[in-house]
Amino acid sequence: MTPSLIQRRRKWLGLNQEAVAAQLGLKRSGYSRIEQGKIPVTLDRARKLAAILETTVDDLFPLDPTQPVTDPLYPQDTAPKS
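Quick notes on the rules
- Residues numbered from 1 in each chain as written.
- Predicted model: local features only at pLDDT ≥ 70, side-chain atom pairs only at ≥ 80, totals over all residues.
- Heavy atoms only, no water.
- Salt bridge = Lys/Arg side-chain N within 4 Å of Asp/Glu carboxyl O.
- Helix = DSSP H or I, 4+ residues; strand = E, 2+ residues; numbered from the N terminus.
- Buried < 20%, exposed > 50% of the residue type's maximum accessible area, 1.4 Å probe, protein only.

Here we come to the pattern of salt bridges. On inspection of all chains with the given rule, the structure shows three salt bridges. Arginine 10 is the salt-bridge partner of glutamate 35, the closest N and O atoms lying 2.4 Å from each other. Residue glutamate 35 is found in helix H3 (residues 28–35), and its partner arginine 10 is found in helix H1 (residues 3–12); the two are separated by 25 residues along the sequence. Residue glutamate 35 shares its accessibility class with arginine 10, and that shared class is buried. In this structure, the salt-bridge partner of lysine 48 is aspartate 44, at a minimum N-O distance of 3.4 Å. Highlighted residues: lysine 48 and aspartate 44, both in helix H4 (residues 43–52), separated by four residues, approximately one helical turn. Accessibility expressed as a relative area gives 40% for lysine 48, which makes it partly exposed.

We now examine unusual backbone geometry. Non-glycine residue glutamate 54 carries a positive phi angle of around 55 degrees. Its location among the elements puts glutamate 54 in the loop between H4 and helix H5 (57–60). You can call glutamate 54 partly exposed: its relative accessible area is 49%.

Structure (structure tokens):
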């Protein structure tokens, strides 16, 4: 997932940045930088983030970012509008 898709997934699940940040052991501003793609994510943190967002690390961080994300829990027609 691109950073904007991480944000969309979080919002689709009804979570706010503070809640996700707390579960990751971060301040909200640090988590916000993850969503914006401004800081790298460790493998451990990527695993935690995937669990919080109820998806997989592969879906969050695909090896080929040009491929569309296929997530059965997040069908394209139910994506929240930005």
